[in-house]
2 protein chains.
Amino acid sequence: MFVADLETPSVVVDLDVMERNLSRMADYCRSNNLRLRPHTKSHKVPALAKRQLAHGAHGITVAKIGEAEVMLDAGITDILIAYPIVGTAKAEKLADLATRANVTVALDSVEAAQSISAAANKTNARVSVLVELDVGFHRCGVADEDEVMNLARKVADLPGLEFKGLMFFPGHLQVLEKERAELRAAVNDFLERSLAKLHAADLPVTIVSGGSTPTAREGHLFSGVNEIRPGMYIFNDRNMMGIGIASVEDCALSVVTTVVSTSVAGRAIVDAGSKTLSSDRHLAGDGKGFGMVKTDPDAELEQLSEEHGHLNISKSSREYRVGEQLAIIPNHVCSTVNMHNQIYGVRGERVETVWEVTGRGKVQ
Amino acid sequence: MFVADLETPSVVVDLDVMERNLSRMADYCRSNNLRLRPHTKSHKVPALAKRQLAHGAHGITVAKIGEAEVMLDAGITDILIAYPIVGTAKAEKLADLATRANVTVALDSVEAAQSISAAANKTNARVSVLVELDVGFHRCGVADEDEVMNLARKVADLPGLEFKGLMFFPGHLQVLEKERAELRAAVNDFLERSLAKLHAADLPVTIVSGGSTPTAREGHLFSGVNEIRPGMYIFNDRNMMGIGIASVEDCALSVVTTVVSTSVAGRAIVDAGSKTLSSDRHLAGDGKGFGMVKTDPDAELEQLSEEHGHLNISKSSREYRVGEQLAIIPNHVCSTVNMHNQIYGVRGERVETVWEVTGRGKVQ
């Protein structure tokens, strides 16, 4: 089967580009003595998580208990849940997972620590815990080294839990390189103060987990960091191009669409809207557009309906015909993959494999 | 089971409110001699489509062949696909559907008409066709009465197709009432010119299909319209509140979430992000926010990560605790439902039913 034979819209992954992305990141980590723990939210496919492990990843990251279950069922046994697990039902599922796998969880509250401890105690499980720091994104994470210290001590004292170290998500560093460098100093300052305080209190830190795709190749510049958790690097997307992390040649994933209408002047409508691409905005430049037409940078994907992509082609010299296929690089691959039950692995024009997105929809 | 027992995030539908929404719209249509053909993209659940038919709908609308298949498999046999079906593979599926159900399709190109005709001819199916008009949203649809006429004649001449009338989507009328009234005049002008021309040419028009939820209760004010296709009215959402179409009491659907972190000052983080609510923007007012916390209008859901909703609570007098449940009305119900495999029907605090969203992910 060829790409041209796929019904549209379909998500296709160029296997050569993907393999190159995986291998580059693994090489970087090896050269810099960093453990690689890819965030699998970007693909949610166990077979792809296994490709990452085959490239030398030390384990995987997930966002949800349901995603962890899917990965564990596929035989992956070293899993970080980089999300606060709150409530008895979820704590019990987590404790159950921890009887079958090496499970680590990040948290920022005594409430989460206590309920996980209670559940782990019931099943005789040991759950490894990272204390999450708010290094500037202002989402989750404790605010200063005293709070780090208090929560770490609490975790160390609770039965069923093992304090392993620190985690942070530098979401505010999804910016151009120069701005990242300026923001990094404050991150490092917080990390250093926390590590010194924990060291003085004899609370040993074995893991400092940082990094996201935008900062992944700068992992070695963060104080104490010995593990990174990039997700999007497997595919890359228009947002990563926007901050200069990837070029169009590094984008492994695209959405194959068909032009379904050209009847409005200056417009071509493709069969990929917000229910195919997601309505995630472009987080760079002028923020405009919902994706990039690979073969025509002059066409602007300026608006999405649920099932229609509105291409403004008034600045394009290309002619658009009803029925032709177009490949679009989405703004944000994680959200695009999440819309689909299947994605296709292709080599050149040939469809080589189809993956079920088995981690999709595991919202809980 | 009670709502408080649901794992979060979960989508819940207040059955009493939903029934009232269904019945009000059905009453309006009866009183105004309009056929009701609800767009089922908003829920994608056959059981809910059947509730709409039980309230007197004459058939349903879908966006995709895959959605039509799901509805037909559930026994629903009068289906409008309000989307241009382009390409041989899709045309053949459409023709197959037309051998089993009363299928109508909207289109705006000769290419679409020809390929559907060829496929219908092969299976001896008859496909009813509406010509789509661009009444001002500038997405799909032909531009003037001459193009309407040319395409209608072409359809009437092609074997396997039956020209039935006109369809339009007044997406640009998702605005406040006063603005809608101003824009309606141009829509009516185009409709009247087209109907006169078709009448003069002896091309009988039996269906003029208009309407979306924002304009649904104004269906009788559009020239010649005898059918409307509202979708969101079954649930309503923050966007419908924003343009004054619904009040909070009319919103049947909400997302039950849990506060998972309060460690950042002025913030509470809930476990519903863009993969739960969708990142669809607010299309009214200042455009800010990704949903409304039902019990606290002073909390602003100002940002979404994939699995985190960032509540700015700095203007709220309420205290937020890790572990508590919050219900959120999303900006756009269609996109929210599309994120989920199941949604729950509740009466008061009791969970009465669970529906599989079987039409979800049928992107093709």
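Here the structure is a predicted model, which means the values were calculated and not measured.

Student: Looking at this structure, how should I read the domain arrangement of chain A?
Tutor: Often, the extent of an interface is quoted as the loss of accessible area on bringing the components together. Residue and element names in this part refer to chain A. Here chain A is partitioned into domain 1 (3-8 + 239-356) and domain 2 (16-235). A C-alpha centroid distance of 32 Å is found between domain 1 and domain 2. Tallying the contact residues gives 14 residues for domain 1 and 20 residues for domain 2. If one sorts the elements of the side of domain 1 that touches domain 2 by residue count, helix α10 (residues 333-337) sits on top with three residues. A class-by-class count of the residues in the side of domain 1 that touches domain 2 yields eleven nonpolar, one polar and two charged.

Student: What should I look at first to understand the sheet that holds strand β8 (residues 207-210) of chain B in this one?
Tutor: In a beta sheet, neighbouring strands pair by backbone hydrogen bonds and run either parallel or antiparallel. All names here are of chain B. Taking strand neighbours across the sheet as the criterion, the eight strands line up as β2-β9-β8-β7-β6-β5-β4-β3 in an open arrangement whose pairing is parallel. Edge positions in the open sheet fall to β2 (35-36) and β3 (60-62), since each of these has one partner strand only. Note: strand β6 (residues 127-133) against strand β7 (residues 161-168), seven bridges, orientation parallel. Opposite Val 131, over in β7, you have Leu 166 as the bridge partner. Taken strand by strand, helix α5 (residues 110-123) contacts β5 (102-107), β6 and β7, and its axis lies near 145° from that of β7.

Student: Help me out: how do you make sense of the interface of chain B and chain A in this one?
Tutor: Taken together, the contact between chain B and chain A spans 50 residues of the former and 50 residues of the latter. Its residues placed into classes, the side of chain B that touches chain A shows 16 nonpolar, 22 polar and twelve charged.

Student: Would you mind going over α5 of chain B with me for this structure?
Tutor: Residue and element names in this part refer to chain B. Its 14 residues give α5 an end-to-end C-alpha distance of 20 Å, which sits within 8% of 20 Å, the value for a rise of 1.5 Å per residue. Taken as a whole, α5 has its buried residues at Ala 112, Ala 113, Ser 115, Ile 116, Ser 117, Ala 119 and Ala 120. Turning to α5, the residues buried within the fold contact α4 (88-98), β5, β6, α6 (145-157) and β7. Residue Asn 124 follows α5 closely and has a positive phi angle near 60°.

Student: I keep staring at the sheet that holds strand β9 (residues 227-228) of chain A and nothing clicks. Help me out?
Tutor: All names here are of chain A. Strand order in the open sheet formed by eight strands is β2-β9-β8-β7-β6-β5-β4-β3, with parallel pairing between adjacent strands. Every other strand in the sheet has two partners, leaving β2 (35-36) and β3 (60-62) as the edge strands with one partner each. Relative to β9, β2 runs parallel, the two sharing two bridges. In the sheet register, Leu 36 faces β9, and the bridge partner there is Ile 228.

Criteria and cut-off values
Residues numbered from 1 in each chain as written. Chains lettered and ligands numbered in written order. Predicted model: local features only at pLDDT ≥ 70, side-chain atom pairs only at ≥ 80, totals over all residues. Domains from an automatic or database assignment. Contact = placed C-beta atoms within 7 Å. Helix = DSSP H or I, 4+ residues; strand = E, 2+ residues; numbered from the N terminus. Nonpolar A, V, L, I, M, F, W, Y, C, P; charged D, E, K, R; others polar. Pairing = 2+ DSSP bridges. Axes fitted to C-alpha atoms, helices over the stretch in contact; angles between N-to-C directions. Expected span 1.5 Å × (residues − 1). Buried ≥ 20, exposed ≤ 12 C-beta atoms within 10 Å, placed from the backbone.

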